[in-house]
Amino acid sequence: MDGLLSKLRSLDAYPKVNEDFYSSTLSGGIITLASSVVMLLLFVSELRLYLHAVTETTLRVDTSRGETLRINIDVTFPALQCSIISLDAMDISGQEHLDVKHDIFKQRIDAHGNVIATRQDAVGGMKMEAPLQHHGGRLEHNETYCGSCYGAQESDGQCCNSCEDVREAYRKKGWGVSNPDLLDQCKREGFLQSIKDEEGEGCNIYGFIEVNKVAGNFHFAPGKSFQQSNVHVHDLLPFQKDSFNVSHKINRLSFGEYFPGVVNPLNGANWVQPSSYGMYQYFIKVVPTVYTDINEHIILSNQFSVTEHFRSGESGRMQALPGVFFFYDLSPIKVTFTEQHVSFLHFLTNVCAIVGGVFTVSGIIDSFVYHSQRAIKKKMEIGKFN
């Protein structure tokens, strides 16, 4: 038994030194205090990292199919009336959403950005004789009103009872409205007068649109849009204006839900139009993103990067449709963020590394300072004898 204990004693990697041989120094005390402070700071930092979740990032190929993409928008046009501007969305699959109104809201604003209360009565309304019927005569007391579509009706019984109905019928036919005052409905509603009354106003458009998860674009532009010879065009003639100021501020633009740490580069972007008309284009690369929090709640969202370009008219001619266009494409790579806690063993390993590392380095420094002081002191003593 004594032999076994003797062998174990010979394996001691920490031999003890008699206290009579210890020598305390001022430099050693200072180094010990400094190393203790460093050790404490590193321990607190490691403890905070252990108590808080860390986010792990991985990249993988996006294999999702048949999903939709939600686009959240909030854009202010300080010099374009709400009655003029419209929102269209289309994608490479051929699906179109023209003059989107579902889940999209418009607020009239004044020159200072304050919201203008919407009046309930018709703006610019006019009193005139009874409205025209589709057969050409005036509305009688015992008749039901059915306004004419002026040749744009899809069936014989179709009625266009408002200016908006006529413009929509014209849009479906691919026609433009050259002079709204020639249309009985638009004249009675004071269409041109309402546009004049809103002169100097702006418009704030906000809401969201749901589109197919494929490349496409959405844009804000004046006038009703329609297809003419397979070309997407906007009818600008009814407004009787030579220029459209599409200066704008993007209060918010995001693709999908919010998740912690997301950065939307266009939030707060402000652009002022330098010429009388032109097209402002944003080219967006959408990156599908999955965020899983510490409670394993999954958020399906997107991040994006963007480049910008302004295309102006030349030689006094309107070479580009005035408006703000957002062209987006989808990345084939999906980014996955996963929140997780550091394991206790990892925390314990790091704490041991901190304590051992600081202790070793401080010992080296102390040894260097101690032997340097002894060498200097020895030289000084030799110098005195000489």
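The structure we're discussing is the one just above.
Everything in this summary refers to the structure shown in the same document. (Residues numbered from 1 in each chain as written. Predicted model: local features only at pLDDT ≥ 70, side-chain atom pairs only at ≥ 80, totals over all residues. Heavy atoms only, no water.)

## A look at the environment of His346
For step 1, the next point in the chain: Inspection of the secondary structure puts His346 in helix α6 (residues 344-385).
For step 2, the next point in the chain: Using a relative accessible area of 42% as the deciding quantity, one classes His346 as partly exposed.
For step 3, the next point in the chain: Through-space distance from the C-alpha of His346 to that of Tyr50 is 8.9 Å; in sequence the pair is 296 residues apart. (Helix = DSSP H or I, 4+ residues; strand = E, 2+ residues; numbered from the N terminus. Buried < 20%, exposed > 50% of the residue type's maximum accessible area, 1.4 Å probe, protein only.)

## Here's the deal with the pattern of salt bridges
Opposite charge on two side chains permits pairing when their charged atoms draw close.
For step 1, the next point in the chain: The final tally for this structure, using the stated rule, is 6 salt bridges.
For step 2, the next point in the chain: For the salt bridge of Asp62 with Lys334, the shortest nitrogen-to-oxygen distance reads 3.7 Å. Taken together, the positions of Asp62 in the loop between β1 (54-61) and β2 (68-77) and Lys334 in strand β15 (residues 333-340) put the pair 272 residues apart, joining distant regions of the chain. The two residues Asp62 and Lys334 agree in class, both being buried.
For step 3, the next point in the chain: Connected through shared salt-bridge partners, Asp62, Glu67, Lys213 and Lys334 make up one network. (Salt bridge = Lys/Arg side-chain N within 4 Å of Asp/Glu carboxyl O.)

## Focus: the packing of aromatic side chains
For step 1, the next point in the chain: Going through the model one piece at a time under the given rule, you end up with 21 aromatic pairs.
For step 2, the next point in the chain: Ring geometry for Phe218 versus Phe326: centroids 4.7 Å apart, planes at 10 degrees, classification stacked. One end of the pair, Phe218, is in strand β7 (residues 216-222); the other, Phe326, is in strand β14 (residues 323-330), and 108 residues separate them in sequence. Of the two residues examined, Phe218 and Phe326, each falls in the buried class.
For step 3, the next point in the chain: Seen in terms of ring centroids, Phe255 and Phe304 are 5.3 Å apart; in terms of plane orientation they differ by 70 degrees. Their pairing is edge-to-face. Of this pair, Phe255 sits in strand β10 (residues 248-255) while Phe304 sits in strand β13 (residues 298-312), and the two are 49 residues apart along the sequence.
For step 4, the next point in the chain: By relative accessible area, Phe304 is classed as buried at 6%.
For step 5, the next point in the chain: Clustering of aromatic rings is evident, with ring pairs tying together Phe77, Phe218, Phe220, Phe255, Trp271, Tyr280, Tyr282, Phe304, Phe310, Phe326 and Tyr328.
For step 6, the next point in the chain: For the cation-ring pair, Arg70 lies above Phe208, with the distance from its terminal atom to the ring centre recorded as 3.7 Å. (Phe/Tyr/Trp six-rings, centres within 6.5 Å; stacked < 30°, edge-to-face > 60°. Lys NZ or Arg CZ within 6 Å of the ring centre and 35° of its normal.)

## Observations regarding the pairing of β7
For step 1, the next point in the chain: The element β7 is largely enclosed, with a buried count of 7 among its 7 residues.
For step 2, the next point in the chain: Burial of β7 is two-sided: the residues Gly216, Phe218, Phe220 and Pro222 facing one way and the residues Asn217, His219 and Ala221 facing the other way are all buried.
For step 3, the next point in the chain: When strand β3 (residues 85-91) meets β7, the two strands line up antiparallel, connected through 7 bridges. Within β7, the residue paired with Leu87 across the bridge is Phe220. (Pairing = 2+ DSSP bridges.)

## Remarks on unusual backbone geometry
A negative phi holds for most residues other than glycine; trans holds for most peptide bonds.
For step 1, the next point in the chain: In this structure, Asp99 takes a positive phi of about 50 degrees despite not being glycine.
For step 2, the next point in the chain: By secondary structure assignment, the location of Asp99 is in the loop between β4 (96-97) and β5 (104-109).
For step 3, the next point in the chain: Residue Asp99 is classed as buried on the basis of its relative accessible area of 14%.
For step 4, the next point in the chain: Here Glu296, not a glycine, exhibits a phi torsion of approximately 65 degrees, which is positive.
For step 5, the next point in the chain: By secondary structure assignment, the location of Glu296 is in the loop between β12 (278-292) and β13.
For step 6, the next point in the chain: Assessed through its relative accessible area of 66%, Glu296 is described here as exposed.

## Brief notes about the state of the cysteines
For step 1, the next point in the chain: This model, assessed by the stated rule, comprises 2 disulfides.
For step 2, the next point in the chain: Disulfide partner of Cys82: Cys203, at an S-S distance of 2.1 Å. Its torsion about the S-S bond being 100 degrees, the disulfide of Cys82 and Cys203 is classed as right-handed. On the criterion of sequence distance, the pair formed by Cys82 in the loop between β2 and β3 and Cys203 in strand β6 (residues 202-212) is long-range, its members being 121 residues apart. (Disulfide = S-S within 2.5 Å.)

## Points about the sheet that holds β5
For step 1, the next point in the chain: One open sheet holds the 5 strands; their spatial order is β5-β6-β2-β10-β11, and the pairing between them is antiparallel. Only two strands of the sheet have a single neighbouring strand rather than two, namely β5 and β11 (269-271). For this sheet the average axis-to-axis angle between neighbouring strands, irrespective of direction, equals 20 degrees.
For step 2, the next point in the chain: The sheet contact formed by β10 and β11 spans 3 bridges and is antiparallel. Directly across from Ile250, in β11, lies its bridge partner Ala269. (Axes fitted to C-alpha atoms, helices over the stretch in contact; angles between N-to-C directions.)

## Observations regarding helix α2 (residues 26-51)
For step 1, the next point in the chain: Relative to the 38 Å expected for 26 residues at 1.5 Å per residue, α2 spans 38 Å between its end C-alpha atoms, a close match to the ideal helical length.
For step 2, the next point in the chain: Every buried residue belonging to α2 is among Ser27, Gly28, Ile31, Ser35, Met39 and Glu46, and all of these are buried. (Expected span 1.5 Å × (residues − 1).)

## Focus: the nonpolar core
For step 1, the next point in the chain: Formed by 37 residues in total, the largest nonpolar core has its most connected members in Ile71, Phe218, Phe220, Leu253, Ile284 and Phe326.
For step 2, the next point in the chain: Mapped by element, the contributors of at least two residues to this core are β2, β3, β6, β7, β10, β11, β12 and β14.
For step 3, the next point in the chain: The element contributing the most residues to this core is β2, with 5 residues.
For step 4, the next point in the chain: Grouped together as the second largest cluster of nonpolar side chains are 10 residues, Ala152, Val166, Leu183 and Cys186 included. (Core = buried A, V, L, I, M, F, W, Y, C linked by side-chain atoms within 4.5 Å.)

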